Every structure is written in structure tokens, then in C-alpha cells.
Amino acid sequence: MEKILEVKDLHVTFTTYGGTVKAVRGVDFYLNKGETLAIVGESGCGKSVTSNAIMRLIPNPPGRISNGEILFKGKDLTRVSEKKMRSIRGVDISMIFQDPMTALNPTLTIGTQLMEGLRQHKDVTGSQAKEKALEMMDLVGIPNPEERLKQYPHQFSGGMRQRIVIAIALICEPELLIADEPTTALDVTIQAQILELFEKIQNQMGVSIILITHDLGVVAKIADRIAVMYAGKIIEVGTKREIFYDPQHPYTQGLLNSVPRLDLQGEKLTPIEGTPPDLFSPPEGCPFTARCPFAMEVCNKVYPNSSQLTDSHKVDCWLQDERAKQLLAATAAK
Ligand code: SF4
Ligand code: MG
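Residues numbered from 1 in each chain as written. Chains lettered and ligands numbered in written order. Predicted model: local features only at pLDDT ≥ 70, side-chain atom pairs only at ≥ 80, totals over all residues.

**Examining the site of ligand 1**
- In the vicinity of ligand 1 lie 14 residues, with Cys286, Cys292, Cys299, Cys317 and Trp318 positioned nearest.
- Broken down by class, the residue content of the shell around ligand 1 amounts to twelve nonpolar, two polar and no charged. (Near = placed C-beta within 6 Å. Nonpolar A, V, L, I, M, F, W, Y, C, P; charged D, E, K, R; others polar.)

Right, here's the structure in full:
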């Protein structure tokens, strides 16, 4: 399969008066063409920072990509000029954010906002731009597009506004769409509709999607693969099936136990106790040690190797680490 994006050993830091925050600490992942990868984790785990880094939207200062490569179709985005990046953003890679209201300009009509990017980046006439805008309104499911183009953001509901944001993000036909908590601000029924819309868009346009969310329930429907982030690292990655039915990292298992399940109605959800570590001085070892029911002495001292369980399933946990098995065997032999 063709990889559209490959992130290698990405580190992002933020320098503050209180010290340096190591927000992303050696993240590796890839995205195949036409695939949806969900990046899941609690707030502050580095998932938005990772997606902002791909878009080169880390404010510098205080932020900095301190190490790593972000290969988009083989080109390292950490090394391209800001001018080049401006021609990539919104054209080859688009991003949508949580709050559809702040993403839209309240003083401009929807039509103007839809056509803006197209006219800026593509060589189109006014009527071609309008035609494309109407086509996009139709694709994202907004009725009466002719009339609606002339209206302002406040004349649309929250769900409709998020559809417009998605239409704006897709109008230049990007190859990669990054959606950061795209349904968090919406109520549950609208959330489901927006997720269906993502599926439809992917089928029709073949766009590759990175979906960032704190809610594993959201990804169940549309993700192909899931990467779980904790304290600035991807601690487990696998196909949706592997993560939902065979999670190996205690943190992933904890996350799944805190997702409401239709088949277990009435059973108590068990949230993970405790809080993630301080990223000013993250622990040397496994960052989940303080919250992990299986923590061993080695966990706190040394970060585990990644164990490749299948071609697609990888986990960073001492419970799966060959070195731990050897250590245990050595102790047992004494
Ligand atoms: Fe728990 Fe140790 Fe695995 Fe970390 S490495 S998740 S502390 S068992
Ligand atoms: Mg975020």
C-alpha cells in the first residue's frame, strides 16, 4: 500500500518560564493512501500538537519541532519553506478543528468563504468557483445550496456549520484531511451524521484522514487503524479490530473500559484512576507506571521497546518486551 504520510521520531517542545514542556516525545506512525487513522488519547497527550506539527502550525516561539521527519508523499515538511508550506496548507493537506464557529468568519457569506481558498490557490473563473462551491455544498448535505451560499454563518445550526467547515476544507481536493475533535462540540445525533459524512467523503474523494479524538467511541465507526497516545508518545497502534478486541497496553485497556458499550448496558464504567505525568519532566521509564495495575520495578526506570505483535499491531509495554521475559527468566533461574 502506498504511504501518503510518514512521521518519524517527531519531538515537539514548548519553552515557557517554568521550563521546557516535552509535548511530543518521539512519535512514529504512517498513513496509507485512502485510509483513516484515528489518534486517540486524553487531553494534553500531544495528539493536537502532533497534528499541528504536520501542518507546521506550531507557534515558534514558544514551540519548536526539535527533532524528526514528517514525510508527506516523500517530502519532509519539517524542511520546506514557509512559502511552500502556505501552498500545501488547504490545498494538499487540510485541517478542521473542533469549534465550527471560530473556523468561520461571521462577517462573510458562506459562498465567499467557500470560494476564497479555491480562487487563491487554483486557476478558476468566478463561475467555475461558484459551480464547485455548489457541488461541495451538495456533497456535505446542505439543502438549497444556491440560496444558502448567500447566507452568513449565524444563519446555520452547529451541525450545518461543521458541514460547511468540512466543505471549505475539501474544496481544493486535498489528499490528506486532518480533523481535530471534529464532533466534540456537537450533540450526539449530529456527531453520528458528521461521522457518516466523513465516510461518504472518503468513499467519493479517496481522501486520507487523520482523526484526532479523546473519544474511542467516535472512532469505532470510521477508523481503519487506531494509534493510542499517552504522555507525548504513541503507546499502542493497531487495526481497529486489534485495538478493540485485543488491546495489549494497560492504558488502552483502561480507555476501552471507560467507553460505554451497548452490549453491556447497566455495567459500571471504570475510569482510569490518577493523572498523566508532568511533561516538564516526564519519567525516564514508562509514563503510565504511576497508574498501571501491572507496573513492575523496571517500568519506572527504563522505557520499554516497541514490541511488534503482528504486521499492524505494535505496543510499548514491558509486559510484551522480550527483555523483560529474559530478565524474569534469569531471576527465576537463580
Ligand atoms: Fe504498565 Fe509497565 Fe506496561 Fe507501563 S510498561 S504499561 S507500567 S506494565
Ligand atoms: Mg486537542
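**As for helix 7 (residues 158-170)**
- Compared with an ideal rise of 1.5 Å per residue, which puts 13 residues at 18 Å, helix 7 spans 19 Å between its outermost C-alpha atoms and is within 8% of the ideal.
- Of all the 13 residues making up helix 7, ten are buried; the element is thus mostly covered by neighbouring parts of the structure.
- When we look at burial in helix 7, the residues that qualify are Arg161, Gln162, Arg163, Ile164, Val165, Ile166, Ala167, Ile168, Ala169 and Leu170. (Helix = DSSP H or I, 4+ residues; strand = E, 2+ residues; numbered from the N terminus. Expected span 1.5 Å × (residues − 1). Buried ≥ 20, exposed ≤ 12 C-beta atoms within 10 Å, placed from the backbone.)

**Topic: helix 5 (residues 126-139)**
- Between its terminal C-alpha atoms helix 5 stretches 20 Å, which fits the 20 Å expected from 14 residues at 1.5 Å a residue.
- Elements that come into contact with the buried residues of helix 5 comprise helix 4 (110-121), helix 6 (145-148) and helix 7.
- Immediately downstream of helix 5, the backbone of Gly141 shows phi near 80 degrees, a positive value. (Contact = placed C-beta atoms within 7 Å.)

**Here's the deal with the nonpolar core**
- Of all hydrophobic cores here, the largest spans 81 residues; its most connected members are Ala53, Ala167, Ile226 and Val228.
- The element that contributes the greatest number of residues to this core is helix 7, accounting for seven residues.
- If we ignore the near neighbours within four places in the chain, the residues touching Ala167 are Leu114, Met136, Met137, Leu139 and Val140. (Core = buried A, V, L, I, M, F, W, Y, C linked by C-beta atoms within 7 Å.)

**Topic: the pairing of strand 1 (residues 3-16)**
- Judged from the eleven bridges that link them, strand 1 and strand 2 (residues 19-32) form a sheet pairing that is antiparallel. Bridge pairing in strand 2 places Leu5 opposite Leu31.
- Turn length for the strand 1-strand 2 hairpin, with the two strands adjacent in sequence and antiparallel, is two residues.
- Direction of pairing for strand 1 relative to strand 4 (residues 63-72): antiparallel, over a ladder of eight bridges. (Pairing = 2+ DSSP bridges.)

**Here we look at the packing of helix 4 against helix 7**
- One way to put it is that helix 4 packs onto helix 7 with a least axis distance of 8 Å and a crossing angle of 25 degrees. Compared by their axis directions, helix 4 and helix 7 come out roughly parallel. On helix 7, the residues that touch Ile110, Gln113, Leu114 and Gly117 of helix 4 are Ile164, Ala167 and Ile168. (Axes fitted to C-alpha atoms, helices over the stretch in contact; angles between N-to-C directions. Parallel < 35°, antiparallel > 145°, perpendicular 65-115°, else oblique.)

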